[in-house]
Amino acid sequence: MSTSHTPLAPSPKPPPVRRRPAVPAGSTSRLGHGAYGYAFFAPFLAVFVIGVVAPLGYAAYLSFFQDRLIGGTVFVGLDNYRRALGDELFRAGLWRVLLFLLVQVPVMLGLALLAALAVDSGRLRRAGLFRIGIFVPYAVPAVVASLMWGYLYGDRFGLAGQIGDLLGVDVPDLLSSNWMLASIGNVVTWEYVGYNMLILYAALRTVPEELYEAAEMDGAGEFRKAWSIKLPAVRPALVLATVFSIIGTFQLFNEPNVMQTLAPGVISTSYTPNMYAYNLAFNGQQFNYSAAVAVVLGGVTAVVAYAVQVRSMRKEQGR
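Residues numbered from 1 in each chain as written. Predicted model: local features only at pLDDT ≥ 70, side-chain atom pairs only at ≥ 80, totals over all residues. Heavy atoms only, no water.

1. Describing helix α6 (residues 159-167)
Spacing of three or four residues puts side chains on the same side of an α-helix, whose turn is 3.6 residues.
Right, on to step 1. Regarding α6, the residues found buried are Ala160, Gly161 and Gly164. Buried residues of α6 fall within an arc of 95 degrees about the axis and therefore sit on the same side. Of the exposed residues in α6, the ones pointing more than 90 degrees away from its buried face are Asp165 and Leu166.
Right, on to step 2. Packing partners of the buried residues in α6 comprise α5 (142-153).
Right, on to step 3. Of the residues one or two after α6, Gly168 is the one with positive phi, at around 70 degrees. (Buried < 20%, exposed > 50% of the residue type's maximum accessible area, 1.4 Å probe, protein only. Helix = DSSP H or I, 4+ residues; strand = E, 2+ residues; numbered from the N terminus. Arc of directions from axis to C-beta. Contact = heavy atoms within 4.5 Å.)

Here it is, written out as structure tokens:
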């Protein structure tokens, strides 16, 4: 008896696996990272262009024109800039803020540095409360701070006058022309010491503890550690705070503008360059000339800030 074997049908072959062509290593990742980078950067770029570049460009554009009774708006080239450079009111305000810069900024940064060193020393009781107490004035709006200090300065109704009456002495008029710049400097210092202290304190916290331990093993005291370790470490942050303070000084506006209501005979509309540009535009309707003044002021600010930064970099390289 024979049995017949029927051949089995061949099993279907699996479909061939298609391999992707080899791609150079890192090419796709670079493309992806680049696209993601541009996507994250685009919102900031848009805000920067709308909020900074466009206003600056429009101000520069306005500065080349002039409104005239006959002929309307005409192109005058650099005439507005020549007028600004020869304007006695603008130059007087510029010298005033330069004096303010030379006196107030070193005092403010010196106090901020002392406060940062005190907090970082670890020997200050309730250092957190001390740090918050110094920083709180920065949270007070400049308008409120100016009004508050302006009323404290009053020789008849303020705290200064009351202290003088209590002691039976004549207190100088802190809102007079001789004391006004110093009074404004006190307000600005009170506001920004805490802000600068945090910048310097953050720089101090980056110093490795090993350096302090090595200094203690060599017999260095607290003063020696502060002079040889802390001050060199805080120097870049101090330069940054100085640049910020220079920009803020040339933009001085809120404090004198508020105190003008308390001492209108002392603070004029051109007391600072920023006030002068503002009043030219919104009270004098001289928008083109105001734009030229603002551009010149911005150029002076950039030059001074850049000079300070370059000088500090050269000192660092020379060490």
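2. With respect to the nonpolar core
Right, on to step 1. Counting 40 residues, the largest nonpolar core has Met197, Leu200, Val234, Phe250 and Val293 as its most contacted members.
Right, on to step 2. Listing elements by their share of this core, those giving two or more residues are α2 (79-85), α3 (88-120), α4 (127-139), α7 (180-204), α9 (222-250), α11 (273-282) and α12 (287-317).
Right, on to step 3. If you tally residues by element for this core, the top one is α3, at 13 residues.
Right, on to step 4. Discounting residues that sit within four places of it in the chain, Val293 has contacts with Ala84, Phe90, Pro273, Tyr276, Ala277 and Leu280.
Right, on to step 5. Ranked by size, the runner-up nonpolar core spans 19 residues in total, among them Ala160, Val187, Leu252 and Phe253. (Core = buried A, V, L, I, M, F, W, Y, C linked by side-chain atoms within 4.5 Å.)

3. A few points about the pattern of salt bridges
Right, on to step 1. By the definition in use, this model includes 4 salt bridges.
Right, on to step 2. The residue Asp79 makes a salt bridge to Arg82 at a minimum N-O spacing of 2.7 Å. Note that Asp79 and Arg82 are positioned in helix α2 at a spacing of 3 residues, about one turn of the helix.
Right, on to step 3. A salt bridge links Asp120 to Lys230, with the shortest nitrogen-to-oxygen separation between them at 3.1 Å. In this pair, Asp120 is assigned in helix α3 and Lys230 in helix α9, connecting sequence segments 110 residues apart.
Right, on to step 4. Assessed through its relative accessible area of 11%, Asp120 is described here as buried. (Salt bridge = Lys/Arg side-chain N within 4 Å of Asp/Glu carboxyl O.)

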